[in-house]
Amino acid sequence: MSTLRFESDSLEATEEFMSRAYAPMRIGGRPYGAHTLVERTTAPGVSVDKLDLDYTMAYDAGVLNKVTLLTIHAGALVDTTGGRHEVYGPGESFLVTRPDRPYSGEVRAARYTVTMFDPSVLTEVAATGAGGGRGPVELTGHRAVSPAAGRRLGAAIGYLRDHVLTDPQAGGLVVATAVRHLAAVTLASLPNTAMAEEEHRLDSRDAGTDTLRRAMAYIEDNAHRDISLADIAAAAFVTPRAAQYAFRRHASTTPLGYLRRVRLDRAHADLRAADPRTASVSAIAMSWGFVHQGRFAAAYRTAYGVPPSVTLHGTEH
């Protein structure tokens, strides 16, 4: 392991150091009082920097070719890459940029940690999982998938920074194990292609006829209520995507398409049973959630071969 300390009040010196330490960049900030402190610890395959800036530093940087995680301790960072305006504050741990993308933003009088490791470690770790071995793994989102996941990511970064890299007795195997652990937590915390593949695999597995049966039963029992795809999926004990897969695979429709058809059938039954002297097509259509009368009439004619008014007046053949 090796350590490096950089401290300066010069923006020019800071820009030069940041360009060497991270990626070529242009920075700006207040011309006076621009104090920067960086303490870097490096070990094979990983580096951890603790930074303290007492001013607002704007940056426009090139590609890092590393998984680059930030944890904010005080102040804020604003990510403006690609027109975004994402603000990160104290306690948040996140991906500052994808390894193959340039990035821009500003650090606002912040103390923060930057942790960097090679993207290949993500693929190595993912390959040991149930859905691994399908090729390089890429991170696809910057924020953690949940607050709890964000806390776990921050804890893994903190363990590497405060325990592993401060222990002079920590050998290469200890460091490598800690880096793989951080990579595993990163994959569990941030959106990525391995996570998407695993979700797809599980959703596809759950998209069976039992799921379809449970979802259809729920729709038929609750078609009179304001229900959503999430409600249907929850009733079938699967994810919304699994519910959609089940309907497409086994019923050639979607959950909401089936809901519309059930409601259309209920409207048809009500029209047949109604007294045309006191009932109206529009009122019955509205009671089943069909607000646009023209679309209701077109769907009704497609399903039953006649306009809804014909059914209401009992002149169907």
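Residues numbered from 1 in each chain as written. Predicted model: local features only at pLDDT ≥ 70, side-chain atom pairs only at ≥ 80, totals over all residues. Heavy atoms only, no water.

(A) Broad picture of the confidence of the model for the protein. For the protein, the average pLDDT comes to 89, and 92% of its residues sit at 70 or higher. Per-element confidence in the protein is highest for strand β6 (residues 67–79), whose mean pLDDT is 96, and lowest for helix α5 (residues 193–206), whose mean pLDDT is 64. (pLDDT = per-residue confidence, 0-100. Helix = DSSP H or I, 4+ residues; strand = E, 2+ residues; numbered from the N terminus.)

(B) Region of the structure containing the pairing of strand β8 (residues 93–97). In terms of burial, β8 is largely enclosed, as five of its five residues are buried. Relative to β8, β6 is paired through four bridges, and the arrangement is antiparallel. In the sheet register, Leu69 faces β8, and the bridge partner there is Leu95. (Buried < 20%, exposed > 50% of the residue type's maximum accessible area, 1.4 Å probe, protein only. Pairing = 2+ DSSP bridges.)

(C) Representation of the nonpolar core. If you look at the biggest cluster of nonpolar residues, it comprises 33 residues, and the most contacted ones within it are Ile219, Phe247, Leu271 and Phe296. For this core, the elements supplying multiple residues, two or more each, are α6 (209–222), α7 (229–235), α8 (240–251), α9 (255–273), α10 (281–287) and α11 (293–304). Ranked by residue count, the leading element in this core is α9, at six residues. Once residues lying within four places of it in the same chain are set aside, the contact partners of Phe247 are Leu212, Ala215, Met216, Ile219, Ser252, Thr253, Thr254, Pro255 and Tyr258. Listed in part, the 30 residues of the second largest apolar core include Phe17, Leu53, Tyr59 and Val107. (Core = buried A, V, L, I, M, F, W, Y, C linked by side-chain atoms within 4.5 Å. Contact = heavy atoms within 4.5 Å.)

(D) Spatial organisation of the environment of Ser189. Relative to the helices and strands, Ser189 resides in helix α4 (residues 172–189). The exposure class assigned to Ser189 is buried, which follows from its relative accessible area of 1%. As for Ser189 and Arg143, which are separated by 46 residues in sequence, their C-alpha atoms are 8.4 Å apart. Dropping the residues within four chain positions of it, Ser189 is found in contact with Arg143, Ala144, Val145, Ala149 and Leu153. Of the polar contacts made by the side chain of Ser189, one reaches the backbone oxygen of Ala149; its length is 3.3 Å. (Polar contact = N/O pair within 3.5 Å; in protein donor to acceptor, adjacent residues only side chain to side chain.)

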